[in-house]
Amino acid sequence: MALDGLRILDFTRLGFGAQATLICGCLGAEVIRVESTRFPDAIRVMPPFVPEPGERGEAFGAATLANATGATSANRGGIFYKYNTGGKKSITVDARHPEGLALLKELVARSDVVAESFAAGTMARWGLSYDVMAAIRPDLVYVSMCGFGHEGPDTAHVTMGPTAQALTGLTFMVGMPGRPPAGWSFSYLDHVGGYLGAVAILAGVVHRRRTGQGQHIDVSQLEPATALSGALLLDAAVNGRPSRRPGFPMGNRRLHPPAAPSGAYPAAGDDRWVVISCRTEEHWCNLVRALGDPPWAAEARFATLEDRVRNADALDAELSAWTRRHDRYEAMALLQGAGVPAGAVQDAADRLERDPQLQARGHYCALGNAEVAPLPLEGVPFRMSATAPHTGGRLRRGPPCLGEDTDAVLRDVLGKGEDAIAALRAAGALS
Amino acid sequence: MTGAPLEGVRVLELTDESAEYCGRLLAGLGADVVKAEPPEGAPSRHVGPFVDDEPGPDRSLAFWADNVGKRSAVVADDDTVRALAGAADVLVHTLRPAEAADRGLDAPTLQRRAPALVLCAVTPFGQDGPWADYLADDLVLMALGGSMAACGYGPGPDGAYDTPPLACHGEQAWRTAATYAAIAVLGALAWRRESGAGQCIDVSAHECSASMTEWHLMTYLCSGTVHRRGPHPTLTAADGRQVAALNPDFLGPHVFAGMLAMLEERGVAGPLSDPAFADPVHRAQHYREVWRALKRLAETADGETLYRLGQGAGLPWGVIRSPEEVLDDRHLRARGHFVALEHPELGRAVTYPGAPFVAHASPWVMARRPPLLGEHTDEVLAQWLGTGGR
């Protein structure tokens, strides 16, 4: 695998940090999660819970401290599964225990990368600042991932995905004219921030292999997002045309490149939609033919792309009358067959159960662990011909149970014997 | 040796607008990214908005956004493209399999000439499968991938939706795929350092887009329910600005304690001061009272202040900004995030978003404005192919 031989000591938690080490695990790195039995990762103990066979769990919307503290196991938190494939191992070590801290320093000495996503200063307070770790392992690649990063006037600020989305323009860019922003109903920036965290880890590793030099790379959840607004930011900076203006954002319409029809159209059924997007004359002609050359399509007001953009409301009304009569997948197949860009609006269940492309590509990877039967988890979205990535990482394993690898890691990585491990456990260093 | 991780790595880019962001990331890491363009220029050069709204291949802001740091070579024939690929370490392209084969730019042909080449294809659906030849732009990918179904306004009081699912501006499905492409290329380069061998990467934008909806698949697997779209909790401040006001009670008792102290200090805690609210079960059952208190708070402050009040109490709140308002963020400015690059032919400097992370030993490379069409044709042919130009 691409990252064979790379060891990452992984202090990340929640989504943003764990996404980064997940990708590295899928590329073959050995990822050792350092966890705590007393303060387990919140996504281990909050809904949705993976149910016992035959039972039904709760949805994420029910996440409160009340039911988080009522979790019967640290190994059934559903969101944990999303972010902790990649063959990650789990060890439990108490960093606040002197022998636990000593153990972590031994692990740092034998790791290529330390990744973490605590608030700035947390690991330094344990006695694991970058300077301390670099003294142990001078070529260490230390990648910190916290909301505002470790430097700057607002480092004390905390983020979750929606916080960062609000602050960087991502929330603003989802909405319809004349209404407040709708935003995302999930933490898109946990993913994007995590992707750039993976880029940071890989860049640090490549840099070290070239130069022998380690470093601290400071990843925030804000900076990975600023380029995501693309030309909108430049339109304001160069042309003085702000995005905060009447009529903007424009729902699913775009000014550039001009396209019409373009948007989500109602399909048969309750709240079912199909996206159709015609940027070219060829797309339009194909659409008209697929619709059976309806008389309205020949009207002068829809003659050119410019006309269609100008009369998009009327065009959308005509097209919607057609889409309403069709199942969204039927419409998609019919239009794609005719050479028109189109796609059903799919939810999570659709992607899993109705998407032949994801099935054919083998996107989902069934992985479980000692407590949970295999679940079809979202897989690595790319293939590599010589170093195939795997959702289960080098071990082809599901997300780890809390602490399941403690003994094996102490034995195999640090050479500790059974007696030494038992003594550490008895001393409370492994909690 | 300089500090850039990809110093000396040659990347040939043969992409439409869907994957140009990949090359921008690789250029930021120090790679020599050469964009091979047809004589009329890459498609994105013809996408607006344009500088001063005057179209032109060197005036597209859509092009600028994703092509900072690259060089441009106009290459009219595929023999030269093949020769450049033979001289490159990495080729990133967006050709469908049939087109790549027709043009002699398919993997077997290229790898015969250059076994160490890392060949990365970014396509809407990947190289195979029943949808491999389907057409898709960013909007179609956002629909099929699941983001749209989860984004938009909530239902009305009758439970029915009167607005469609929405896609974010900024081509997020394309950017996600391009980012994954950069990750895969970095992985392949790391392995090539050890093995000396190249390989083929097949990025499916659909798969990338289908794996970025956080907890939605898990909620379906765990509970059998499908998440329906609707905004996150948002407060409207006294100046009308909106603030994302998350209350992650599940993180521990300190979350409510911090909030209560802040609400009491501002004199709007009301019934929340009742010790009964210290019990998380009680709080969950009476969440409406918590939200009412937050709304009272919101009436006392403007958006920026409300954001900082929440953060002062340890809450992950953020004021909702438009993209250009991000330019004024004091924290990002202090981190030196935004970079002004001179465009001498226009006589102006333009501010771009800069490094996606701060790497002190290997700083992000952000020195070259987006290339003019064909600006580097001669020098690239000379440097990569040893020819004297044309």
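Residues numbered from 1 in each chain as written. Chains lettered and ligands numbered in written order. Predicted model: local features only at pLDDT ≥ 70, side-chain atom pairs only at ≥ 80, totals over all residues.

## So, the overall build of chain B
Counting secondary structure elements, chain B contains 15 helices and 12 strands. Dimensions of chain B along its principal axes, counting C-alpha atoms only, are 80 × 50 × 45 Å. For chain B, with 390 residues in total, the buried portion stands at 58%. In chain B, the share of contacts with a sequence separation of at least 24, taken over all contacts with a separation of at least 6, comes to 67%. (Helix = DSSP H or I, 4+ residues; strand = E, 2+ residues; numbered from the N terminus. Buried ≥ 20, exposed ≤ 12 C-beta atoms within 10 Å, placed from the backbone. Contact = placed C-beta atoms within 7 Å.)

## Some thoughts on the interface of chain B and chain A
Taken together, the contact between chain B and chain A spans 132 residues of the former and 142 residues of the latter. If one sorts the elements of the side of chain B that touches chain A by residue count, helix H7 (residues 172–195) of chain B sits on top with 14 residues. When its residues are assigned to classes, the side of chain B that touches chain A shows 82 nonpolar, 35 polar and 15 charged. (Nonpolar A, V, L, I, M, F, W, Y, C, P; charged D, E, K, R; others polar.)

## Examining the domain arrangement of chain B
Per the domain assignment, the segments of chain B are domain 1 (10–213 + 353–385) and domain 2 (242–319). A C-alpha centroid distance of 43 Å is found between domain 1 of chain B and domain 2 of chain B. (Domains from an automatic or database assignment.)

## Overview of unusual backbone geometry
Residues and elements named next belong to chain A. At the junction of Pro47 and Pro48, the peptide bond is cis and its omega measures out at 0° in the coordinates. Structurally, the position occupied by Pro48 is in the loop between strand E2 (30–35) and helix H2 (65–69). With an omega dihedral of -10°, the bond running from His256 to Pro257 counts as a cis peptide bond. Looking at the element boundaries, Pro257 is found in the loop between helix H9 (231–239) and strand E7 (262–266). With a phi angle near 55°, Asp271 is a residue other than glycine that sits in the positive phi range. Mapped onto the fold, Asp271 is located in the loop between E7 and strand E8 (273–277). According to the C-beta neighbour criterion, Asp271 is partly exposed, with 17 such atoms within 10 Å. Notably, Asp293 is not glycine yet its phi reads approximately 50°, a positive angle. Within the element layout of this structure, Asp293 appears in the loop between helix H10 (281–290) and helix H11 (305–310). Accessibility expressed as a C-beta count within 10 Å gives 9 for Asp293, which makes it exposed.

## Quick notes on the sheet that holds strand E7 (residues 234–236) of chain B
Residues and elements named next belong to chain B. Ordered in space as E7-E8-E9, the 3 strands form an open sheet in which the pairing is antiparallel. Edge positions in the sheet fall to E7 and strand E9 (317–319), since each of these pairs with one other strand and no more. Across this sheet, the average inter-strand angle for adjacent strands is 25°, counted without regard to direction. Sheet topology places E7 next to strand E8 (residues 242–245); 3 bridges connect them, and they run antiparallel. Paired with Leu235 across the two strands is Val243, which belongs to E8. Across the sheet, helix H13 (residues 303–312) touches E7, E8 and E9, and the angle it forms with E9 is around 165°. (Pairing = 2+ DSSP bridges. Axes fitted to C-alpha atoms, helices over the stretch in contact; angles between N-to-C directions.)

## Regarding the sheet that holds strand E12 (residues 358–359) of chain B
A sheet is described by the order of its strands in space; here 7 strands give the open sequence E3(A)-E2(A)-E1(A)-E4(A)-E5(A)-E6(A)-E12(B), paired in mixed fashion. The open sheet has two edge strands with one neighbour each: strand E3 (89–92) of chain A together with E12 of chain B. Most of the contacts of helix H8 (residues 188–211) of chain A go to strand E5 (residues 141–145) of chain A, to which it runs at about 165°, and overall it touches strand E4 (113–116), E5 and strand E6 (215–219) of chain A together with E12 of chain B.

## A word on the nonpolar core
In this structure, Cys120, Ala181, Val185, Ile201 and Val203 of chain B are the most contacted members of the largest nonpolar core, which totals 254 residues. Here the element with the most residues in this core is H7 of chain B; it accounts for 15 residues. (Core = buried A, V, L, I, M, F, W, Y, C linked by C-beta atoms within 7 Å.)

## Details of the pairing of strand E6 (residues 199–204) of chain B
Burial analysis of E6 of chain B places 6 of its 6 residues in the buried class, which makes it a mostly covered element. Residue alternation in E6 of chain B divides its side chains into two sets, Gln199, Ile201 and Val203 of chain B and Cys200, Asp202 and Ser204 of chain B, and both sets are buried. Of the strand pairs in this sheet, strand E12 (residues 382–384) of chain A and E6 of chain B are connected by 3 bridges, and their pairing is antiparallel. Its bridge partner being in E6 of chain B, Met384 of chain A is matched across the sheet by Ile201 of chain B. With 6 bridges joining them, strand E5 (residues 118–123) of chain B and E6 of chain B adopt parallel strand pairing.

## Focus: the packing of helix H7 (residues 161–168) of chain A against H8 of chain A
Residues and elements named next belong to chain A. Packing of H7 against H8 brings their axes to within 7 Å, and their N-to-C directions diverge by 85°. Classified by the interaxial angle, the pair formed by H7 and H8 is roughly perpendicular. Along the contact surface, H7 presents Gly161, Ala164 and Gln165, while H8 presents Tyr188, Leu189, Asp190 and Gly193. The residue inventory of the contact of H7 with H8, partitioned by class, reads 3 nonpolar, 3 polar and 1 charged. (Parallel < 35°, antiparallel > 145°, perpendicular 65-115°, else oblique.)

## Side note on the confidence of the model for chain B
Averaged over chain B, the pLDDT score is 96; the fraction of residues at 70 or greater is 99%. Per the prediction output, this complex has pTM 0.97; the corresponding ipTM is 0.97. (pLDDT = per-residue confidence, 0-100.)

## Remarks on H9 of chain A
Every α-helix winds through 3.6 residues per turn, so residues three or four apart in the chain are directed the same way. Here H9 of chain A lies mainly inside the structure; 8 of its 9 residues are buried. Residues of H9 of chain A that are buried include every one of Ala231, Leu232, Leu233, Leu234, Asp235, Ala236, Ala237 and Val238 of chain A, and no others. Of the surrounding elements, those touching the buried residues of H9 of chain A are helix H2 (61–67) and strand E11 (348–353) of chain B. Following H9 of chain A by one or two positions, Gly240 of chain A adopts a phi angle in the positive range, close to 65°.

## Details of the environment of Leu166 of chain B
With respect to the helices and strands, the residue Leu166 of chain B is situated in the loop between helix H6 (138–145) and H7. Put simply, Leu166 of chain B and Asp133 of chain B are 33 residues apart on the chain and 25 Å apart in space, counted from C-alpha to C-alpha. The residues contacting Leu166 of chain B, other than those within four sequence positions of it, are Val174, Ala182, Gly251 and Asn252 of chain A together with Met148, Cys151 and Gly152 of chain B.

## Some points on the environment of Ile421 of chain A
Residue and element names in this part refer to chain A. Of note, Ile421 is situated in helix H17 (residues 418–427). With 11 residues separating them in the primary sequence, Ile421 and Leu410 have C-alpha atoms 7.3 Å apart. Not counting residues within four places of it along the chain, the set of residues in contact with Ile421 comprises Asp407, Leu410 and Lys416.

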